Amino acid sequence: MQETRRVRMTKKLIKEAYVELLETNPDKRLSITDICKCADINRSTFYMHYEDVNQLIKEIEDDVLAQIPYIPDINSTSSDSEFVTLLEKTFEYVKMHKTIFLTLIAKLDNNRFKKRIISTVLEGYKKFPLNNDGILSKYSYLFCINGIIGLLIEWINDDFPISSKALADFALQMSYRATDLNKIN
C-alpha cells in the first residue's frame, strides 16, 4: 500500500524524535511515551505505524541501509579508483548523516545494526572474491568491514579530521594489507 504524505511526515517525526532522544539520553531505555511526547503525537498515532520501539528501530536501520551508496556493477576487474570512489561516497553519506550513524553505531553500541551493515556489504560484494578460498574470503571481508566500521566510529567521534577521500584511500590500503594472504602462509 502506498504511503500518503501525511503518513510519511508522521513517521519522519517519530523517527526524528527517537533519534533526538537517543542522542541526548543514550543510556536510557526509551519508552513509547517518551517518543510520543518528543514527537508531539498520541500513543495511538505511534501504534498506527509501529507495533513497538523495536519495529521503529528496524525501520530506521532499513532507511539508513537503503541509502548507503553502492555500485551494482563493481567486480574483480574494477579499479582501485572505483573502490575509492565508492568508499568516498559512502563516507560522505555517513558524514552527512553523522547523528544517525553516531547514535545507531557508537552511542547504542548496536551490534545488530553493525551485523546488518556487514551483511549488506557482504551480499553486495560476494561476487568479488578476495582469494580462492571461500571461507578465508568471507573472513577477509568481515575483518575489513569491521575495521572500516571502527574507522568510521573514530572518524565521526573525532569530528572528521581528514577528508572522505583520504579516509577511503587509507581504508583501501589497510584492506589490501589485511587480506594479503600470501604474507600469512
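The structure we're discussing is the one just above.
Calculation criteria
Chains are numbered independently. Their residues run from 1 in the order of the written sequence. Only residues with pLDDT of at least 70 get local features here, since the model is predicted, and only at 80 or more are side-chain atom pairs given and counted; chain-wide, interface and lining totals rely on the full set of residues. As a convention, hydrogens and water are excluded, and side-chain values are obtained from all of the structure's heavy atoms. Secondary structure elements follow DSSP: runs of H or I no shorter than four residues count as helices, runs of E no shorter than two count as strands, and numbering proceeds from the N terminus. Burial classes follow relative accessibility: with a 1.4 Å probe on protein chains only, a residue under 20% of its type's maximum area counts as buried, one over 50% as exposed, and anything between as partly exposed. The Shrake-Rupley method, run with a 1.4 Å probe sphere, supplies the accessible areas, and residue values consider only the shown protein chains as cover. Two distance rules govern patches: like charges are joined within 9 Å, and nonpolar side chains (Val, Leu, Ile, Met, Phe, Trp, Tyr) within 5 Å, applied only to residues with over 30% relative accessible area and no salt bridge. Salt bridges are counted wherever a side-chain nitrogen of Lys or Arg sits within 4 Å of a carboxyl oxygen of Asp or Glu. What we call a nonpolar core is a set of buried Ala, Val, Leu, Ile, Met, Phe, Trp, Tyr and Cys residues that are connected through their side-chain atoms within 4.5 Å. Contacts between residues were defined by any pair of non-hydrogen atoms, one from each residue, lying within 4.5 Å.

### A look at the overall build of the protein
Each helix and strand in the protein was counted, giving nine helices and zero strands. Listed by position from the N terminus, the elements making up the protein come as α-α-α-α-α-α-α-α-α. By the burial criterion, 40% of the 185 residues in the protein qualify as buried. Accessible surface, the protein: about 11,400 Å² in total, of which carbon and sulfur atoms supply 53%.

### Points about the environment of E92
Relative to the helices and strands, E92 is located in helix α5 (residues 80-96). Spatially, the C-alpha atom of E92 lies 8.8 Å from that of K165, the residues being 73 residues apart in sequence.

### A look at a nonpolar patch on the surface
Together, I135, L136 and Y139 make up an exposed nonpolar region whose accessible area comes to about 280 Å². The topology assignment puts Y139 in helix α8 (residues 134-157). The exposure class assigned to Y139 is partly exposed, which follows from its relative accessible area of 47%.

### Some details on the nonpolar core
One finds Y18, I35, F46, L56, F91 and F101 to be the most contacted residues of the largest nonpolar core, which totals 47 residues. For this core, the elements supplying multiple residues, two or more each, are α1 (5-24), α2 (32-39), α4 (53-67), α5, α6 (98-107), α7 (111-125), α8 and α9 (164-178). With eight residues, α8 is the largest single contributor of residues to this core. Among all residues touching F91, those that are not within four sequence positions of it are I148, L152, W155, S164, L167, A168 and A171.

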